Amino acid sequence: MTSYSPGLLACALIVTGLAACSDPSPHAARTPTEHALPTLQVHTEPLALHYQTVGSVVSDERVEISSRLAAYVRAINVREGEAIRRGQVLVQLDARDQQAAVQQAQAQRALREAALRDAERTLEDTKTLFKRGLVADAARRRAQLEYDSAEQALRAQEAALRATQAQLRYTEIVSPVDGVVAQRLARTGDLVTPGRPLLVVESDTALLFETAAAESQVQHIAVGDVAQVSIDATGQRYRATVLRVVPSGDPVTRRFMVKLQLDDAAGLTPGLFGRSRFKVGETEGLRVPDAALAQRGGLTGVFVVGENNRLNYRWVRTGRREDGLTEITAGLQAGETILAQVPETVRDGDRLQPQAP
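All of these numbers come straight from a predicted model, not from anything done at the bench.

With that settled, consider the side chain of E327. Mapping E327 onto the fold places it in strand 21 (residues 325-330). Relative accessible area serves as the criterion here: at 13%, E327 is assigned to the buried category. Beyond its immediate chain neighbours, meaning those up to four positions away, E327 contacts L47, L286, R287, R317, T318, G319 and R320.

In C-alpha cells, the structure reads:
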C-alpha cells in the first residue's frame, strides 16, 4: 500500500478545490445598446478672445476733508463706515477766536458808521455855508473828501466783517457729497492746521471699477469699449464701459490704469474686489453645448457618431465656458457628428438608433 505525506495530500486537495471553483466558460461579450438621441455636427465659428484682469470698486469722488483754520477739534460727529449726506456737519472746531473776531469787526463797523454819519452832517453844513458865502470852496472840498474817506472806510470794514463771519462758518466743516466715511484721521482735542486731512469721504453715487492692464494688452482697450465685471462679494456680473485709459503706465509693473463705468452699481461699495474681462480680438474655434459633454472615468469627452452609427467615446480638452457652451481646444474636428445630449446609460461602443426615413 502506497503512503503519502501529509503535505503532499494537502496540496492535492487545494488544487482539486481550485479546479472545482474555476469557470471554464469565457465571459460573454457586452451587447451594444441602441439609443434614440439627438445629434449635431460640429462647425468652426468666430470666438472672442478675452483678457481678464483684477481690480476694485472705487469712488470717482474721493474727498479729503480738511480745515481752513488753525484750531482745536471740539467734536467729530461721524465714524468710519457711516453714511453721510451733502451739507451734514462732520467736524466742529473751537470757534471762540473766530467769535471774538466777529464781535470786534462788528464794533469797528459801528464806529465807521458813526464816523460816516458825522462826515455826512459836516458836509451838508459846509455846503450850506458855502452857498451863503461864509466859507471858502476849499472847506467844502475838504468836507467832501472826509465824507468819501469815511464811506470807503465803512465799506472796507464791512468786507472785513464778512471775512470774519466766513472764518466763523469754517469752524463747522460740512460734507460736500453724499457718501461714506472711509477714514477718520483726527480726534477730539487735536490741534489742526489748514490743509491737514481730518476725514476721507467717498461718494457712493459715483462708483467706478479700477483695474490695471498689461502693456501688451492696453493697445486693444479703448474708451467706449464694453467690458464685463464680476464682483466676488455679490456673485454677480455687471456690464461696464471703459471710461478712461490712463496713457502713462507704471514704470515698475508696466501696467496702465483703466477705469470702467458700471451700468448698475446698486448695492456696491468702494473697496470690493472683482475681475474685469475685455474683448481683445477674435479667433476661429469649436464650441459644443454643455449637455454634449460626458464624464467617464473622471475624464471629459464626447460621443462621436462613427461608421454604422457606432458611438465612440473620445476625450477632449475644454477651454472657456460661457452661456451654456464650452470651447473644445483639442480632440474634435470640424464636420464630425456628436451626440447633443448624453445620458449616463450611454457607453462606448453603443449604437445610435437609425432615424426613420
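As a further point, take helix 2 (residues 96-131). The first and last C-alpha atoms of helix 2 sit 53 Å apart over 36 residues, in line with the 52 Å expected at 1.5 Å per residue. Turning to helix 2, its buried residues are Q98, V102, A105, L116, A119, L123 and T126. If you follow the buried residues of helix 2, they end up packed against helix 3 (137-169). Downstream of helix 2 by one or two residues, G133 has phi in the positive range, about 80°.

Here the focus is the packing of helix 2 against helix 3. Taken N-terminus to C-terminus, the directions of helix 2 and helix 3 make an angle of 165°; their axes are 8 Å apart at the nearest point. Considered as vectors, helix 2 and helix 3 are oriented roughly antiparallel to each other. Here helix 2 runs over helix 3; the crossing is left-handed. Across the contact of helix 2 with helix 3, the residue classes tally to 16 nonpolar, eleven polar and ten charged.

When the terminal C-alpha atoms of helix 3 are compared, their 48 Å separation across 33 residues agrees well with the 48 Å that a helix rising 1.5 Å per residue should span. Along its buried surface, helix 3 packs onto helix 2.

What counts, and at which threshold
Along each chain, the written sequence defines residue order, and numbers are assigned to residues from 1. Local features in a predicted model are, by the rule used here, given only for residues with pLDDT of at least 70; side-chain atom pairs are given and counted only at 80 or more, and totals for whole chains, interfaces and linings are based on all residues. In computing side-chain values, all of the structure's heavy atoms are included and hydrogens and water are not. In this text, helices come from DSSP runs of H or I with a minimum length of four residues, and strands from runs of E with a minimum of two, each type numbered from the N-terminal end. When a residue's accessible area, from a 1.4 Å probe over protein chains only, is under 20% of the maximum for its type it is buried; when over 50% it is exposed; and in between it is partly exposed. Here, residues are in contact when the closest pair of their heavy atoms is within 4.5 Å. Expected helix span is given by 1.5 Å per residue-to-residue step, counting one fewer step than there are residues. Fitted lines through C-alpha atoms give the axes, limited to the stretch in contact for helices. The angle between two N-to-C directions lies from 0 to 180 degrees. An angle below 35 degrees is treated as roughly parallel, one above 145 as roughly antiparallel, one from 65 to 115 as roughly perpendicular, and anything else as oblique. For any helix crossing, the convention is left-handed if the near helix is rotated counterclockwise from the far helix by under a right angle, and right-handed if that rotation is clockwise. Lys, Arg, Asp and Glu make up the charged group, whereas Ala, Val, Leu, Ile, Met, Phe, Trp, Tyr, Cys and Pro make up the nonpolar group; the residues left over, Gly among them, are polar.

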